[in-house]
Amino acid sequence: MKKIISVVGARPNFMKIAPIHRAFLKYKDQVQHLICHTGQHYDEKMSKVFFDDLELPKPDFYLGVGSGSHAEQTAKVMIEFEKILLKEKPDLVLVVGDVNSTIACSLTAAKLHIKIVHVEAGLRSFDKNMPEEINRVLTDRISDYLFVTEKSGLENLKHEGVDYSKVFFVGNVMIDSLAYYLNKTNGRMLDKFGLEPQNYILVTLHRPSNVDSKEQLTKLFGMLDRISQKRKILFPIHPRTLKNLKEYSLLDESNKNLILTEPIGYIDFLSLTKNAELILTDSGGIQEESTYLGVQCITLRTSTERPITVEVGTNQLLGNDLDKAENAALEILNGNRKPGKIPELWDGKAAERIAEILIQKLN
Ligand code: UD1
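Just so it is clear, the model here is predicted, and its values are computed rather than measured.

Basis of the calculations
Residues numbered from 1 in each chain as written. Predicted model: local features only at pLDDT ≥ 70, side-chain atom pairs only at ≥ 80, totals over all residues. Heavy atoms only, no water. Helix = DSSP H or I, 4+ residues; strand = E, 2+ residues; numbered from the N terminus. Rg over C-alpha atoms; globule rule 2.2 N^0.38 Å. Buried < 20%, exposed > 50% of the residue type's maximum accessible area, 1.4 Å probe, protein only. Contact = heavy atoms within 4.5 Å. Areas by Shrake-Rupley, 256 points an atom, 1.4 Å probe, with all protein chains shown as cover. Salt bridge = Lys/Arg side-chain N within 4 Å of Asp/Glu carboxyl O. Pairing = 2+ DSSP bridges. Right-handed = clockwise from strand over helix to strand, strands pointing away. Near = heavy atom within 4 Å. Polar contact = N/O pair within 3.5 Å; in protein donor to acceptor, adjacent residues only side chain to side chain. Axes fitted to C-alpha atoms, helices over the stretch in contact; angles between N-to-C directions. Disulfide = S-S within 2.5 Å.

A. Molecular detail of the overall build of the protein chain. When you go through the protein chain residue by residue, the secondary structure sums to 16 helices and 13 strands. In terms of overall size, the protein chain behaves like a compact globule, its C-alpha atoms giving a radius of gyration of 20 Å where 363 residues would be expected to give roughly 21 Å. Considering only C-alpha atoms, the protein chain reaches an extent of 60 × 40 × 40 Å along its principal axes. For the protein chain, with 363 residues in total, the buried portion stands at 59%. Sequence-distant contacts in the protein chain: of pairs separated by 6 or more residues, those separated by 24 or more amount to 71%. Approximately 15,400 Å² of the protein chain is accessible, and the part contributed by carbon and sulfur atoms is 50%.

B. View of the pattern of salt bridges. By the definition in use, this model includes 23 salt bridges. Between Arg207 and Glu132 there is a salt bridge, with its nearest N and O atoms 2.8 Å apart. Taken as a pair, Arg207 in the loop between β8 (200–204) and α9 (208–211) and Glu132 in helix α5 (residues 131–142) lie far apart in primary sequence, 75 residues in all. You'll find Arg207 and Glu132 in the same group, each marked buried. Residues Asp268 and Arg188 are paired through a salt bridge, measuring 2.3 Å at the closest nitrogen-oxygen approach. Placement of Asp268 in helix α12 (residues 266–275) and of Arg188 in helix α8 (residues 188–193) is noted, with a sequence separation of 80 residues between them. A residue is classified by how much of its surface remains accessible, and Asp268, at 11% relative accessible area, is buried. One salt-bridge network, in which partners are shared between bridges, spans Lys16, Asp98, Glu120, Glu133, Arg136, Glu288, Arg301, Glu305 and Arg306.

C. View of the pairing of strand β9 (residues 232–236). In terms of burial, β9 is a largely internal element, 4 of the 5 residues being buried. Pairing geometry for β8 and β9, over 3 bridges, is parallel. Paired with Tyr200 across the strands is Lys232, a residue of β9. Relative to strand β10 (residues 258–261), β9 is paired through 4 bridges, and the arrangement is parallel. By the bridge assignment, Phe235 is partnered in β10 with Leu260. Crossover handedness for the path β9 to helix α11 (residues 239–247) to β10: right-handed.

D. Structural view of the site of the ligand. The full set close to the ligand counts 20 residues, and Gln40, His41, Asn100, Glu132 and Arg240 are the nearest of them. Here an oxygen atom of the ligand and a backbone polar atom of Tyr42 are 2.9 Å apart. With respect to the ligand, the side chain of His206 contributes an N or O atom lying 2.9 Å from an oxygen atom. Contact with the protein chains hides 89% of the accessible area of the ligand, taken as 750 Å² for the molecule alone.

E. Structural context of the sheet that holds strand β7 (residues 167–169). Judged by pairing direction, the sheet is parallel, and its 7 strands sit side by side in the order β3-β2-β1-β4-β5-β6-β7 without closing on themselves. The open sheet has two edge strands with one neighbour each: β3 (61–62) and β7. Bridge count for strand β4 (residues 92–96) against strand β5 (residues 115–121) is 5 bridges, and the pairing is parallel. The residue bridging Leu92 from the neighbouring strand is Lys115, located in β5. Each of β1 (2–8), β4 and β5 touches helix α4 (residues 100–111); the most contacted strand, β4, lies at about 160° to it.

F. The arrangement of the state of the cysteines in detail. Inspection of every chain in the model, using the stated rule, returns 0 disulfides. Sulfur of Cys36: no disulfide; nearest cysteine sulfur belongs to Cys105 and is 5.8 Å away.

G. Here's a closer look at the environment of Asn210. Checked against the element boundaries, Asn210 lands in helix α9. Sequence-wise, Asn210 and His41 are 169 residues apart; in three dimensions their C-alpha atoms are separated by 20 Å. Not counting the four nearest positions on each side in its chain, Asn210 is found in contact with Leu205, Gln216, Leu217, Leu220, Asp282, Leu300 and Asn320.

H. Representation of the pairing of β5. Within β5, 6 of the 7 residues are buried, which leaves the element mostly enclosed by the surrounding structure. The parallel pair β4 and β5 is bridged by α4, and the resulting crossover is right-handed. Here 4 bridges tie β5 to strand β6 (residues 145–148), and the two strands are oriented parallel to one another. The residue bridging Ala121 from the neighbouring strand is Val148, located in β6. Following the backbone out of β5, through α5 and into the adjacent parallel β6, one traces a crossover that is right-handed.

Below you can see the structure in the form of structure tokens.
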């Protein structure tokens, strides 16, 4: 019996591991698939609700590392994960995405000569100010099997000289979860917040470049205030953003058209995404989810590691220039919508492809 340990740490990891876990269950006579949760995200609303929604089993290992500086968080994960690897001796360690837990666990496995699988390999924003970019580049460099979601990933890895026999274009496991759970969505959240389908804006902002400076955060809220005169806005607030809003005394709930709320679980958030007229975000995953659902999306970042969402999808990358973003939002509310298509291989079967390839490689 072969053994694979998959790693989850932060919110965007859970929906990527769920379809992979399901796919490995088909081979349970050949491979034992174990899940290690590093505890990078630990709040009920950032973690547990996702395990429930996504029908993930309780993790086999919980490292409980919590928050800290990048070095502290990465180091703590490495120290704890090494103990698990020494005891369990897995054949493969599987990591997803680009969070600190991704690089911490890959690096730990590499030093113990355990093969690494990176799901969502090859994405590049070419912006080293993003901690995720460093995590992506380094994880890919030491991975043994690299599973890619979009064509740009193939080109980036080729350009970096990665041995192509290790690279597989399989599609997008995050979209596997979306496709699987779409029919479980309901109108609960719309009722709760008094929203009508196609008649509200959904906002998520948590990147340091948008929320860590008082000046940018003040400008962002000025823009949201103005746009909220045209449409209701729902803004589930990430813990990092909330902390900064409080610190800068910017938390103001007097505008009834700008609804601030706590982070929302997977299926409820999917319902809100599906029914939104427009999404304003700096998230990576939401750029992909909105593209799949054909929902208009404005990304408030200067670069995207997911260019397919702009090339063929409904996403517009508008940088940190908020005047430009505000104008684009008003255009969309006036009916000038960007047409979009679903990218190649985003068909709900990426995890099945990954499991099939890995089973072949393990045998
Ligand atoms: C991390 C990822 C980012 C991802 C995001 C999704 C890295 C480098 N970044 O950023 O790519 O888009 O998750 O959410 O890994 N906090 C809580 N409760 C929690 C988790 C965090 O209160 O459950 C607060 C803490 O104050 C913490 C801060 O949020 O210091 C930031 O958390 P952290 O895990 O460092 O990074 P994120 O900003 O969440």
